[in-house]
Amino acid sequence: MTIRDSVIAGLRAAAEPARAPRQQAYMKSEMPYFGVGVPECRRIAGSVFRTHPLAAAGAWETAILELWRKAAHREERYAAVELLLFPRYSRWLEPARIPLIEELVITGAWWDYVDPIAARGVGTMLAVHPRATKAVLREWAGDDDIWKRRTAILAQLRCKKATDRTLLADAIRPSIGNPELFLRKGIGWALREYSKTDPAWVRAFLETRAGLSDLSRREALKHLARRNAATIPRATR
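What counts as what
Residues numbered from 1 in each chain as written. Predicted model: local features only at pLDDT ≥ 70, side-chain atom pairs only at ≥ 80, totals over all residues. Heavy atoms only, no water. Helix = DSSP H or I, 4+ residues; strand = E, 2+ residues; numbered from the N terminus. Buried < 20%, exposed > 50% of the residue type's maximum accessible area, 1.4 Å probe, protein only. Contact = heavy atoms within 4.5 Å. Phe/Tyr/Trp six-rings, centres within 6.5 Å; stacked < 30°, edge-to-face > 60°. Lys NZ or Arg CZ within 6 Å of the ring centre and 35° of its normal.

We now examine unusual backbone geometry. Its identity as a non-glycine residue notwithstanding, Ala 109 has a phi of 50 degrees, on the positive side. Along the chain, Ala 109 falls in the loop between helix H6 (98-108) and helix H7 (111-128). Taking relative accessible area as the criterion, Ala 109 reaches 28% and is therefore assigned partly exposed. Non-glycine residue Lys 160 carries a positive phi angle of around 50 degrees.

Right, let's get into the environment of Pro 53. As for its position among the elements, Pro 53 is in the loop between helix H3 (38-51) and helix H4 (57-69). Judged by its relative accessible area of 53%, Pro 53 is exposed. Separated by 121 residues in sequence, Pro 53 and Pro 174 have C-alpha atoms that sit 41 Å apart. Discounting chain neighbours no more than four positions away, the residues touching Pro 53 are Arg 88 and Tyr 89.

We describe a pair of aromatic rings using the distance from one ring centre to the other and the angle between the two ring planes. Tallied over the entire structure, the rule returns 13 aromatic pairs. Taking 5.0 Å as the distance between ring centres and 65 degrees as the angle between the ring planes, the aromatic pair formed by Trp 110 and Phe 182 counts as edge-to-face. You can see Trp 110 sitting in the loop between H6 and H7 and its partner Phe 182 sitting in helix H11 (residues 181-195), a full 72 residues away along the chain. Judged by its relative accessible area of 21%, Trp 110 is partly exposed. Between Tyr 194 and Trp 201, the ring centres sit 5.6 Å apart and the planes meet at 75 degrees, which makes this aromatic pair edge-to-face. When its relative accessible area of 7% is taken as the criterion, Tyr 194 is described as buried. Of the aromatic side chains, those joined through ring pairs into one cluster are Phe 49, Trp 60, Phe 86, Tyr 89 and Trp 92. The ring of Trp 68 carries the charged tip of Arg 77 above its face, separated from the ring centre by 4.2 Å.

This is how it looks when you write it as structure tokens:
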């Protein structure tokens, strides 16, 4: 059996048909679900990937695209994303994979696909191949496709102290004032996450960016607000 065949067999065995319509409605998905939760989907996919190891990057990319392009249920595409991010193959997350990632981002066009690809996939590539990846992210930050923009904004979500603040600002700047919800939320999320590492920089960024939406600001300030509240003596609250 191919990787795709094995993944589908596992998903069918775990399917909960009564759950599937609720998942589809929640995700506003045209593609139906098997009715498998994300943790179980990851478990099934990981088991298949460990049982069917791939020896070359070309075979890995082919398997990802076969899962993605032939998917009849959304969980099959979740498995494709998990294969992209599978730790055993992280060495293949290099600039040569940009066209692959671009296809998944553009054709996926929703946060459940794009966010892990950005934070875990592009983030890994950025750490190992910073120069080439930064050039791509700066280009994507101003792209007409909102999901490529969101990818650029969220790519450093897990970087903490390794965050390139100039790159973060460059990724956010073209989308300041854009009314698209997923860009406004993405900006806030990226800033909120970095505020856990460098609150002073985030405060300064917010103070000097008058065009940021109220939503982005609220999201960005959530951790700082909780942090400040935690430092106030209980009797004075």
